[in-house]
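# Summary of the model geometry
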Amino acid sequence: MTASCSSDSGTGCLTRRSLLSGAAALGVAGLMPGHSHGTPTDGLGLKDRAARRGLVFGAAVNAHDLRRSAALRAALQRDCAIITPENEMKWGYVEKRRGYPDYRDAQAIANFAAKQGLKLRGHAAMWYSNIPNWVKEAISGEQGHDIMLRRVEAVVSHFRGRVVEWDVVNEAIEPRDGLADGMRRWPEFAKGDPAYIVDCFHAARAADPDAVLVYNDWGFEYNWPVFEQRRKSVLILLEKLVSAGAPIDQFGIQCHCKIGNDFDERVYADFLAEAAALGLKLSLTELDISDIPETGPIETRDQRVADHARMILSVAFDQPAVVKLMTWGLSDMTSWLNAQMPRPDGTLQRALPLDEAMKRKPLWYAIAECLDAAPERPDASPHP
Ligand code: G3I
């Protein structure tokens, strides 16, 4: 392992990784020593490049975009082995009226996946941020714990046999809430007690014994004190879940990133290794790279996004427990970033592998290069 690379380009460390960055800059990507693969102009999609290294590539998609864009549908088929509904399985989206879940939009995405031979990832069985309004009233009279478990059981069993992998619980840590071990002050359900998370995993396992079960969270990439607290908190939580016998298979690392943020290779590699040492596989589940700090031309924005991706993905793919990369959207046509963090110049963020017209951007090629250069996974059979 080398010194840390704390710049976007990741060229501060002479490793295979920085050679990769150098090769990319020279446009000779894909011809790395030891990798006879074609260059990214060989027509292979990201899913193919991932599969031949024993990895999986996919993306989130929403039902609206899926319906309105044939170009997006074609791009998803070309690049993705697995897709995730961006919102359509969330509790607040599905069960606005208690007892009357509406899965139509989720079903549309599931039907597309089935028709195109893509795998389907479920998101999120339980998440503090997307609780239907009626739950808040119901909880005052009833045991919120039971309401929560009924939701997990209902949504996981509804998609049994179609969803291969579930984000069972999403974002249960929040050190800023001041609870022990950095747990989130989970509204009403369990005041930060991890026991409710163990119960959710058991409920999901009972509802679908074949699904891969994931704990999913964000905020682990950067060399900041608050991210260091998040890394510590999530490792404590994961260790508790594993020790309590929760049927957890994977740790989902969302990987919402931003150019210019300070990244330390060793810190991130050590974090991934500690999570892997718990016996969990690791998935990067929601990669996007905000370009908001860059006010220059599109070419500069795109290059910085691509360089930032290389810096992080080359470390991640060196960890054998990392089995999957998902981006949170495939095309810049839609990104949550434009609602949450709009660019001052009013242009769309360019945080995803394809532009609005589904044209491959430098980020696409950076992901392709990192996939091509990834050490082959031991069992090399793509995980769901
Ligand atoms: O469905 C309503 C629609 O009826 C209404 O007209 C419209 C305008 O208010 O809102 C629509 O709901 C929006 C929903 O997305 C569906 O489009 C919500 O307001 C909006 O807050 C919601 O944002 C989503 C956010 O999660 C919260 O659920 C983003 O699209 C989605 O990208 C984002 O994804 C999360 C992951 O689930 C978890 N990890 C972080 C990631 C980014 O925040």
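If you're wondering where the values come from, they're calculated on a predicted model, not measured in any experiment.

Here is what the cut-offs are and how they apply
Residues numbered from 1 in each chain as written. Predicted model: local features only at pLDDT ≥ 70, side-chain atom pairs only at ≥ 80, totals over all residues. Heavy atoms only, no water. Near = heavy atom within 4 Å. Polar contact = N/O pair within 3.5 Å; in protein donor to acceptor, adjacent residues only side chain to side chain. Areas by Shrake-Rupley, 256 points an atom, 1.4 Å probe, with all protein chains shown as cover. Nonpolar A, V, L, I, M, F, W, Y, C, P; charged D, E, K, R; others polar. Salt bridge = Lys/Arg side-chain N within 4 Å of Asp/Glu carboxyl O. Buried < 20%, exposed > 50% of the residue type's maximum accessible area, 1.4 Å probe, protein only. Helix = DSSP H or I, 4+ residues; strand = E, 2+ residues; numbered from the N terminus. Contact = heavy atoms within 4.5 Å. pLDDT = per-residue confidence, 0-100.

A separate point is the site of the ligand. Neighbouring the ligand are 13 residues; Glu86, Lys90, His123, Glu286 and Trp328 lie closest to it. Asparagine 130 is positioned such that a nitrogen or oxygen atom in its side chain is 3.2 Å from an oxygen atom of the ligand. At 3.2 Å, a side-chain N or O of glutamate 171 approaches a nitrogen atom of the ligand. For the ligand, the accessible surface in isolation is 810 Å², of which the surrounding protein chains cover 50%. Its residues assigned to classes, the shell around the ligand comprises 3 nonpolar, 6 polar and 4 charged.

Attention now goes to the pattern of salt bridges. What the rule picks out here adds up to 25 salt bridges. When the shortest N-O distance is used, the salt bridge between aspartate 102 and arginine 104 registers 2.7 Å. On the accessibility criterion, arginine 104 (64% relative accessible area) is exposed. The shortest N-O distance in the salt bridge between aspartate 217 and arginine 230 comes to 2.9 Å. Here arginine 230 lies in helix 10 (residues 225-243) and aspartate 217 lies in strand 6 (residues 212-217), a separation of 13 residues in the sequence. With a relative accessible area of 0%, aspartate 217 lands in the buried category. Via salt bridges that share partners, Glu174, Arg176, Arg184, Asp217 and Arg230 belong to a single interconnected network.

The next point concerns the environment of arginine 230. The class for arginine 230 is buried, based on a relative accessible area of 1%. Spatially, the C-alpha atoms of arginine 230 and glutamate 174 are 7.3 Å apart, while their sequence positions differ by 56 residues. Aside from chain neighbours lying at most four places away, what touches arginine 230 is Ile173, Glu174, Pro175, Asp217, Trp218, Gly219 and Phe220. Of note is the side chain of arginine 230, whose polar atom sits 2.8 Å from the backbone oxygen of tryptophan 218.

Our next topic: the confidence of the model for the protein. Interpretation of this model should avoid reading the predicted coordinates in detail wherever pLDDT is low. Chain-level statistics for the protein give a pLDDT mean of 89 and a share of 85% at 70 or above. Low pLDDT, under 50, characterises residues 1-7; the predicted model gives this stretch 23 contacts beyond four residues in sequence or across chains. Across residues 23-38, confidence stays below pLDDT 50; counting only partners more than four residues off in sequence or on other chains, it has 30 contacts.

On to the environment of methionine 358. Here methionine 358 shows up in the loop between helix 13 (337-340) and helix 14 (362-373). Separated by 284 residues in sequence, methionine 358 and alanine 74 place their C-alpha atoms 9.2 Å apart. Residues within four places of methionine 358 in sequence aside, it is in contact with Ser69, Ala71, Leu72, Ala75, Arg78, Ser331 and Met333.

Next up on the list: unusual backbone geometry. Geometrically, the link from histidine 123 to alanine 124 is a cis peptide bond, its omega value of -15 degrees lying close to zero. Following the sequence through the fold, alanine 124 ends up in the loop between strand 3 (119-122) and strand 4 (126-127). Look at glutamate 171: it is not a glycine, yet its phi comes out positive at around 60 degrees. Phi at aspartate 181 is positive, roughly 60 degrees, even though this residue is not glycine. Tracing the backbone through its elements, the reader meets aspartate 181 in the loop between strand 5 (163-170) and helix 9 (195-207).

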